[in-house]
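Understanding the architecture of this molecule
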Amino acid sequence: MTDSSPASPARPVVLDIWCELQCPDCRSALDDVRALRERYGDRLDVRLRHFPLEKHKHAYAAAQAAEEAVDQGKGWPYVEAVLARTEELAAKGEPVLLEVAAELGLDAEEFDTALIDGRHLLIVDADQAEGKAIGVTGTPTYVIDGERLDGGKSQEGLRERIEEIVDRLLA
């Protein structure tokens, strides 16, 4: 029996997205991220990388909370829900992070504890340090196949460029 499905690489193509959860541009980029995930499915590994910006007071806490959501099994749903509320996060602060956790059925008390004990600080700090080392200056910034694509100034054409690279790598 012959398999007529297209050959898939042994490992998926990796797309790193340096993002911060209080960033309106990152919220706008979600549509592209969803489209990419839908188009490529498990052939594309979309990895959130944290790059909290100093100008956003609650971004660092939001990054830590996102890691707690990963630990509780709902990383991307949490990220998307927080990004949908960037203005509210800016106005109300960290209580929004706990509200989102509770709305998603996560253990909000554990989120609160994680923010206090700092258990996810190393992950956030490591992402930010790596981002700085490769030249990330704003969010969203994408890295795929060694190419850095800066979406902080304009996201125009970025999804198409990412698709070109993924298609080439999957060919």
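Predicted model only: the values in this text are computed from it and were never measured.

Right, let's get into the nonpolar core. Leu 15, Tyr 78 and Leu 97 are the most contacted members of the largest nonpolar core, which totals 40 residues. The biggest single contributor to this core is helix α1 (residues 24-40), with six residues. With residues up to four places along the chain from it excluded, the contact list for Tyr 78 reads Ala 65, Ala 66, Ala 69, Leu 97, Val 100, Ala 101, Leu 104, Leu 106 and Phe 111. By size, the runner-up hydrophobic cluster in this structure holds five residues, among which are Phe 51, Leu 53, Val 136 and Val 143.

The next thing to look at is the pairing of strand β2 (residues 44-50). For strand β1 (residues 13-19) and β2, the ladder comprises seven bridges, and the chain directions are parallel. Bridge pairing in β2 links Cys 19 to His 50. With α1 bridging β1 and its parallel neighbour β2, the resulting β-α-β unit is right-handed.

A few words on the pattern of salt bridges. For the coordinates displayed, the defined rule picks out 21 salt bridges. For Arg 27, the salt bridge identified is with Glu 87, shortest N-O distance 3.0 Å. Taken as a pair, Arg 27 in helix α1 and Glu 87 in helix α4 (residues 86-92) lie far apart in primary sequence, 60 residues in all.

By the secondary structure assignment, Gln 155 is in the loop between β4 (147-150) and α8 (158-170). Once residues lying within four places of it in the same chain are set aside, the contact partners of Gln 155 are Asp 25, Ser 28, Ala 29, Asp 32, Pro 140 and Tyr 142.

Put simply, the protein chain has an average pLDDT of 92, and 94% of its residues get 70 or more. Scored below 50 in pLDDT, residues 1-5 makes zero contacts in the model with residues more than four places away or belonging to other chains.

About the cut-offs
Every residue gets a number counted from 1 within its own chain, in the order that chain's sequence is written. Two thresholds apply to this predicted model, a pLDDT of at least 70 for residue-level local features and 80 or more for giving and counting side-chain atom pairs, whereas whole-chain, interface and lining totals are computed over all residues. Excluding hydrogens and water, the side-chain figures rest on all heavy atoms present in the structure. Take the buried Ala, Val, Leu, Ile, Met, Phe, Trp, Tyr and Cys residues and link them wherever side-chain atoms come within 4.5 Å; each set so joined is a nonpolar core. Remark: exposure states derive from per-residue accessible area (1.4 Å probe, protein chains only) relative to the maximum for the residue type, with buried under 20%, exposed over 50%, and partly exposed in between. Helix and strand definitions here come from DSSP, where helices need a minimum of 4 consecutive H or I residues and strands a minimum of 2 consecutive E residues; each element is numbered from the N-terminal end. Whether two residues are in contact is decided by their heavy atoms: any pair within 4.5 Å suffices. The rule for pairing is simple: two strands pair if DSSP sees at least two bridges between them. A crossover gets the label right-handed when its path from the first strand over the helix to the second runs clockwise, viewed with the strands pointing away from the viewer. Each reported salt bridge corresponds to a side-chain nitrogen of Lys or Arg within 4 Å of a carboxyl oxygen of Asp or Glu. Looking at any residue, its pLDDT shows the predictor's confidence there, from 0 to 100.

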